[in-house]
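# Structural overview
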Amino acid sequence: MTKKILILPGDGIGPEIVAEAVKLLDCLRTDFGLAIETEEALVGGAAYDAAGHPLPDQTLALAKTADAVLLGAVGGPKWEPLEIALRPEKGLLGLRSGLGLFANLRPAILYPQLAEASTLKPEVVAGLDIMIVRELTGGIYFGEPRGVETLANGERRGLNSLVYTESEIERICRVAFEIAQKRGRRVCSVDKANVLECTELWREVATRVAGDYPDCELSHMYVDNAAMQLVRAPKQFDVMVTTNMFGDILSDAAAMLTGSIGMLPSASLNADGQGMYEPIHGSAPDIAGQDAANPLATLLSVAMMLRYSLGEPDHADRIEAAVSAVLERGLRTKDIAAPGASAVGTRAMGDAVVDALRAAS
Ligand SMILES: NC(=O)C1=CN([C@@H]2O[C@H](COP(=O)(O)OP(=O)(O)OC[C@H]3O[C@@H](n4cnc5c(N)ncnc54)[C@H](O)[C@@H]3O)[C@@H](O)[C@H]2O)C=CC1
Ligand SMILES: CC(C)CC(=O)C(=O)O
Ligand SMILES: [Mg+2]
């Protein structure tokens with residue numbers, strides 16, 4: 001049966017990197033017989049400018065009926081400081097919660113060809129393969145009360161609330177353990193249970209859930225230490241499970257261990273296995289429109305889509321092999337090129353991956 005993919009380019013570099021992903025999907029359709037149809041819709045600042053809302057009802061409705069969604073990135077200075085493109089009641093967070101995408105998988109894998117591009121020494125990152133499992137529809141990005149209020153003395157106070165129910169913690173921990181069972185069987189739960197009651201509960205629930213997975217080992221780590229350990233000795237981690245905000249921050253840090261934030265894909269899944277796929281980075285306004293963005297995180301997100309939502313693991317493997325082949329040939333966008341070395345643009349990198357895919361057929 002033909003699968004429907006909704007394409008949401010978004011803002012900044014979003015349309016540029018998504019264009020390369022669409023080329024890749026077209027190649028899989030025409031040359032490899034993948035039964036897919038794609039449809040494009042507006043989201044983020046682009047939707048706000050065109051339709052007056054960063055998450056038009058039509059976009060959410062299309063996302064709900066699609067087999068999978070591919071998103072570029074949203075937001076940028078034009079729509080700041082409120083960041084209308086991202087807020088929970090609208091924009092990206094509204095899309096994530098509207099689809100119930102509570103499980104965000106962010107694999108930080110070092111391609112051996114990029115060992116020199118890592119911020120750490122090659123011997124410290126060789127073979128790096130961490131899966132960060134980030135809770136995506138709860139926590140401080142969604143908790144109530146929130147806002148900026150004026151106190152009786154006229155001073156303003158900003159507040160956000162870190163809120164998790166036991167069931168929200170339990171379901172994300174189960175995802176982490178189920179993933180760990182297929183890899184190194186080690187889960188590190190990251191919290192701040194020494195000062196935040198909400199994450200004291202997180203630790204308690206994670207420990208309880210671990211009892212159902214006796215073949216896996218659970219450890220706990222405070223988030224400040226986890227950040228330090230990630231840049232000290234990252235290979236100690238197999239699966240990390242954590243809250244929305246901690247996972248957001250730790251995955252950006254982990255990205256640099258693989259060479260660039262332009263290398264990290266993600267899958268965001270709901271309870272029905274429906275997913276949205278996006279690079280972990282933002283809309284990079286500083287390089288937008290310059291054909292300078294690394295499209296590989298987005299292409300690798302397509303691979304995750306094929307694996308997790310479309311039941312096409314062989315095609316996912318093909319994309320990952322094509323990325324590897326292109327890196328092996330020495331092609332680099334600026335973010336992963338050695339200082340002073342020549343770099344290719346977004347389009348050339350996307351074309352090279354498509355060529356490598358075809359060449360391997
Ligand atoms: N999922 C999303 O749509 C996200 C959106 N944002 C939004 O994006 C905008 C920019 O946010 P920033 O904090 O600057 O984060 P960012 O991730 O967009 O950029 C941070 C730095 O990484 C570089 N970078 C990012 N992606 C790259 C790529 N594919 N290739 C090469 N270099 C890349 C950028 O040029 C920039 O120097 C803001 O409006 C923010 O709210 C931020 C994070 C996620
Ligand atoms: C809306 C933000 C939480 C986006 C972001 O930085 C992310 O998901 O990584
Ligand atoms: Mg982020």
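Residues numbered from 1 in each chain as written. Chains lettered and ligands numbered in written order. Predicted model: local features only at pLDDT ≥ 70, side-chain atom pairs only at ≥ 80, totals over all residues. Heavy atoms only, no water.

## Comments concerning the nonpolar core
Of all hydrophobic cores here, the largest spans 90 residues; its most connected members are Leu105, Val133, Met240, Leu296 and Ile319. The residue makeup of this core includes at least three contributed by each of domain 1 (1-102 + 270-361) and domain 2 (108-264). Ignoring any residue separated from it by four or fewer positions in sequence, one finds Met240 in contact with Ile130, Met131, Ile132, Val133, Cys188, Val190, Ala226, Leu230 and Leu250. One finds Ala41, Val74, Leu99 and Met276 within the second-largest nonpolar core, a separate group that totals 17 residues. (Core = buried A, V, L, I, M, F, W, Y, C linked by side-chain atoms within 4.5 Å. Buried < 20%, exposed > 50% of the residue type's maximum accessible area, 1.4 Å probe, protein only. Domains from an automatic or database assignment. Contact = heavy atoms within 4.5 Å.)

## Looking at the packing of helix α1 (residues 14-32) against helix α11 (residues 313-328)
In contact at an axis separation of 12 Å, α1 and α11 are set at 120° when each is read in the N-to-C sense. When the interaxial angle is binned, α1 and α11 end up oblique. Classified by chirality, the crossing of α11 by α1 is right-handed. Across the interface between the two elements, Leu24, Leu28 and Phe32 of α1 pack against His315, Arg318 and Ile319 of α11. When its residues are assigned to classes, the contact of α1 with α11 shows four nonpolar, one polar and one charged. (Axes fitted to C-alpha atoms, helices over the stretch in contact; angles between N-to-C directions. Helix = DSSP H or I, 4+ residues; strand = E, 2+ residues; numbered from the N terminus. Parallel < 35°, antiparallel > 145°, perpendicular 65-115°, else oblique. Left-handed = near helix turned anticlockwise from the far one by under 90°. Nonpolar A, V, L, I, M, F, W, Y, C, P; charged D, E, K, R; others polar.)

## So, the UniProt feature "site: Important for catalysis" (unreviewed entry) in the chain
Within this structure's numbering, the places UniProt gives as "site: Important for catalysis" (unreviewed entry) are Tyr141 and Lys192. Looking at the secondary structure, you find Tyr141 in the loop between β5 (129-135) and β6 (143-150). Beyond its immediate sequence surroundings of up to four residues, Lys192 is in contact with Thr199, Tyr222, Val223, Asp224 and Phe246. (UniProt positions renumbered as here; feature names shortened; annotations may be inferred.)

## Overview of the state of the cysteines
Linking two cysteines covalently via their sulfur atoms produces the bond known as a disulfide. Evaluation of the coordinates by the stated rule reveals zero disulfides. Free of any disulfide, Cys173 has its nearest cysteine sulfur in Cys188, 11 Å distant. Its relative accessible area of 0% is what places Cys173 among the buried residues. For the unlinked cysteine Cys216, the closest cysteine sulfur is that of Cys173, found at 12 Å. (Disulfide = S-S within 2.5 Å.)

## A look at the sheet that holds strand β8 (residues 186-191)
Here 10 strands make up an open sheet; going across it, the order is β2-β1-β3-β12-β11-β4-β5-β10-β8-β9 and the pairing mixed. Looking along the sheet, the strands with just one partner apiece sit at the ends: β2 (36-40) and β9 (217-222). Looking at each pair of strands side by side, their axes are set apart by 25° on average, direction ignored. Contacting β1 (3-10), β2 and β3 (68-73), helix α3 (residues 57-65) runs over the sheet at an angle of about 145° to β1. This element, helix α6 (residues 166-181), spans β4 (103-109), β5, β8, β9 and β10 (239-242) of the sheet and lies at about 165° to β5. (Pairing = 2+ DSSP bridges.)

## Thoughts on the confidence of the model for the chain
Averaged over every residue, the pLDDT of the chain is 96; the share at 70 or more is 98%. Ranking the elements of the chain by mean pLDDT puts helix α2 (residues 45-51) last, at 92, and β10 first, at 99. Of the two predicted TM-score estimates for the complex, the pTM is 0.97 and the ipTM is 0.99. (pLDDT = per-residue confidence, 0-100.)

## Concerning the pattern of salt bridges
Applying the stated criterion to the full structure yields 20 salt bridges. Residues Glu149 and Arg157 are paired through a salt bridge, measuring 2.6 Å at the closest nitrogen-oxygen approach. (Salt bridge = Lys/Arg side-chain N within 4 Å of Asp/Glu carboxyl O.)

## A short note on the packing of aromatic side chains
Per the counting criterion, the structure on display carries two aromatic pairs. Ring geometry for Tyr164 and Trp202: centres 5.3 Å apart, planes at 65°, overall edge-to-face. On the criterion of sequence distance, the pair formed by Tyr164 in the loop between β7 (156-161) and α6 and Trp202 in helix α7 (residues 197-210) is long-range, its members being 38 residues apart. Summarising the burial analysis for this pair, Tyr164 and Trp202 share the class buried. Directly above the aromatic system of Phe102 lies the positively charged group of Arg171, at a separation of 4.2 Å from the ring centroid. (Phe/Tyr/Trp six-rings, centres within 6.5 Å; stacked < 30°, edge-to-face > 60°. Lys NZ or Arg CZ within 6 Å of the ring centre and 35° of its normal.)

## Considerations on the side chain of His281
Inspection of the secondary structure puts His281 in the loop between β12 (275-277) and α10 (296-308). Classification of His281 by relative accessible area gives buried; the value is 10%. Those residues in contact with His281 that lie beyond four places of it in its chain are Ile13, Ile17, Ala73, Ile261, Gly262, Asn294 and Ala297.

## Structural notes on the environment of Ile179
Among the secondary structure elements, Ile179 is positioned in helix α6. You can call Ile179 buried: its relative accessible area is 13%. Here the alpha-carbon distance between Ile179 and Val239, two residues 60 residues apart in the chain, equals 7.7 Å. In this structure Ile179 touches Leu105, Met131, Val133 and Val239, once residues within four positions along its chain are discounted.

## Thoughts on the UniProt feature "binding site: substrate" (unreviewed entry) in the chain
According to UniProt, the positions carrying the feature "binding site: substrate" (unreviewed entry) are Arg96, Arg106, Arg134 and Asp224. These annotated residues cover 129 residues of sequence, and their C-alpha atoms sit far apart, with the largest distance between any two at 26.6 Å. Locating Arg134 in the fold gives a position in strand β5. Among the residues examined, Arg134 registers a relative accessible area of 2% and is labelled buried. Those residues in contact with Arg134 that sit more than four places away from it in its chain are Arg96, Phe102, Ala103, Asn104, Arg106, Tyr141, Ile172, Thr242, Thr243, Asn244, Gly247 and Asp248. Take Asp224: it is sitting in helix α8 (residues 223-232).

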